[in-house]
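# Tertiary structure, described
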Amino acid sequence: MDSETDQNQDAAETNQEAESSFEPNSFLGTLVVAVVLCLVCSFVVSTAAVALRPLQEQNKKIKQQRNVLSAAGLWDDKSTNSNLAEKFENVKIIAVNLPGRDEDDPAAGTINKSVDIKTYNQLKASKDPKQSIIIGDKDIAGIKRREKVSLVYLINDSGGKLQTIVLPIYGKGLWSTLYGYLALEADTRTVKGITFYQHGETPGLGGEVDNPKWKALWPEKTVLNESGEPIIEVTKPGVASDENQVDGLSGATITSVGVEKTVKYWLGDDAFGPFLERIRNDEINTSE
C-alpha cells in the first residue's frame, strides 16, 4: 500500500514538474507560441502561393490578352472570357529589338528570335540592368530606363494581312507610372485605340485615362507625320481641332501631358520608331 502511495506521489510530482516547465504566459512561453504560429502560418501561406501560382499566371495572361484586344477595339465590357481564345487567335506576338546606345544601331527595329516569348517578362526586363538601358536625354516619358527588347502584337485578318499593331507603352503621369497599350492601323500612323490598365492617378481626374469616353477620342487620330515623326498632341479640354489632337482630361493637366509624352516617346526613334519604319518599308514579314 505504501509502495502504491509512493508511486502516486512520484507521478504527481512528475506531472507538476512538467506543468511548471512551460508557462505560456511567461516571456519565453509567449516567444515560443509566437515562433510556432509564425512557422505554421508561413508554411500555409507558402503552400497556398505555390498551389495558386499556375492560376495567377493564367489570370495574368488572360488580363494581358484582354488589354491587347481592348486597345485594338476587339474587346468591350460585353465580351466574356469564353470567346477570348477565339478573338486572340489572329494575334501574332513578336519580340522587337529596341534601339541600343548607338545612334546607328543596325538591329534597331528588327525581330529578336532569341527571346522566349512565352516566358519573357518585359516589366522585369525594364528593371534589370542587363536587359535594359538608361534612356538619358531622350527620356521625355520620365521612365529613366527601358528594356532592350519589347513584345509587339500584330493582328492579321483571316487572309494573313496586317490590320493592327499593338504596342506596349508606359510613362509618368502625376502620381504614378501609367501602363497601357497603343494600337495603330497597318499604316503605322493612325490610331486604332488606346488603353491604360494600370496607374495610380487621382480618381475622377487623372484616373479618367481609363474612362471609355476619353479613350473613344483617340481612334482615327494621326500620331506620325509623313516623315515618321510623332506629332500627337493632347490639348486642353475642348480645344482639340486637328487630326493629330486629342482633348485633354479636365482638371488633370499633368496627367494629360504625361500621356502625350509617353505616346511620343514610344513612337519616337529611341523606341518603336525604327520598327514602324521597317513595317512601312515592308522589311518585316508580318504574316509568318
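The following refers to the structure shown. Keep in mind it's a predicted model, so treat the numbers as computed, not measured. (Residues numbered from 1 in each chain as written. Predicted model: local features only at pLDDT ≥ 70, side-chain atom pairs only at ≥ 80, totals over all residues. Heavy atoms only, no water.)

## Brief notes about the pattern of salt bridges
- Evaluated as defined, the whole model comprises four salt bridges.
- In this structure, Asp269 and Lys138 form a salt bridge, with 4.0 Å as the shortest nitrogen-oxygen distance. Taken together, the positions of Asp269 in the loop between α6 (253–267) and α7 (273–280) and Lys138 in the loop between β2 (132–134) and β3 (145–147) put the pair 131 residues apart, joining distant regions of the chain.
- You can call Lys138 partly exposed: its relative accessible area is 40%. (Salt bridge = Lys/Arg side-chain N within 4 Å of Asp/Glu carboxyl O. Helix = DSSP H or I, 4+ residues; strand = E, 2+ residues; numbered from the N terminus. Buried < 20%, exposed > 50% of the residue type's maximum accessible area, 1.4 Å probe, protein only.)

## Brief notes about α7
- For α7, a buried count of six out of eight residues is recorded, marking the element as mostly surrounded by other parts of the structure.
- Every buried residue belonging to α7 is among Gly273, Pro274, Phe275, Leu276, Arg278 and Ile279, and all of these are buried.
- Buried-residue contacts for α7 involve β1 (91–97), β4 (149–156), β5 (162–172), β6 (177–185) and α6.
- The first or second residue beyond α7 is Asp282, which carries a positive phi of 60 degrees. (Contact = heavy atoms within 4.5 Å.)

## Quick look at α6
- Between its first and last C-alpha, α6 extends 21 Å over 15 residues, near the 21 Å set by a 1.5 Å rise per residue.
- Among all positions of α6, only Thr255, Ser256, Gly258, Val259, Glu260, Thr262, Val263, Tyr265, Trp266 and Leu267 are buried. (Expected span 1.5 Å × (residues − 1).)

## Topic: the packing of aromatic side chains
- Scanning the entire structure with this criterion turns up seven aromatic pairs.
- Between the aromatic rings of Tyr153 and Tyr181, the centroid separation amounts to 5.9 Å while the plane-to-plane angle is 85 degrees, which identifies the pairing as edge-to-face. Taken together, the residues Tyr153 in strand β4 and Tyr181 in strand β6 connect sequence positions 28 residues apart. Tyr181 matches Tyr153 in its accessibility class, with the two residues each being buried.
- One aromatic cluster in this structure is built from Tyr170, Tyr179, Tyr265, Trp266 and Phe272. (Phe/Tyr/Trp six-rings, centres within 6.5 Å; stacked < 30°, edge-to-face > 60°.)

## Some details on the nonpolar core
- With 41 residues, the main nonpolar core has Trp218 and Phe275 as its most contacted residues.
- Elements with a contribution of two residues or more to this core: β1, β4, β5, β6, β7 (191–198), α6 and α7.
- Excluding anything up to four places from it in sequence, Phe275 contacts Ile94, Val96, Gly109, Val152, Leu154, Ile165, Leu167 and Ile284. (Core = buried A, V, L, I, M, F, W, Y, C linked by side-chain atoms within 4.5 Å.)

## Some remarks on the layout of surface pockets
- Here the largest pocket defines a volume of roughly 1,100 Å³.
- Every residue lining the largest pocket is counted, 29 residues in all, and those nearest its centre are Lys60, Gln64, Tyr120, Leu151 and Tyr153.
- Broken down by element, the lining of the largest pocket gets its largest block of residues, seven residues, from helix α2 (residues 27–71).
- Counted by class, the lining of the largest pocket contains 13 nonpolar, nine polar and seven charged residues.
- Taken as a whole, the second largest pocket holds about 360 Å³ of empty space.
- Taken together, 18 residues form the lining of the second largest pocket, with Ser70, Trp75, Thr195, Pro212 and Lys215 sitting closest to its centre.
- Here the lining of the second largest pocket gets six residues from one element, more than from any other, and that element is β7.
- In terms of residue class, the lining of the second largest pocket is made up of eight nonpolar, five polar and five charged. (1 Å grid on protein atoms, 1.4 Å probe; cavity = no way out; pocket = protein on both sides within 12 Å on 5 of 7 lines; lining within 4 Å. Points joined across faces, edges and corners; volume = space filled by probe spheres on them. Nonpolar A, V, L, I, M, F, W, Y, C, P; charged D, E, K, R; others polar.)

## Quick notes on the state of the cysteines
- Scanning the model with the defined rule gives zero disulfides in all.
- Left without a disulfide partner, Cys38 is nearest to the cysteine sulfur of Cys41, which lies 6.8 Å away.
- By relative accessible area, which is 45% here, Cys41 ends up partly exposed. (Disulfide = S-S within 2.5 Å.)

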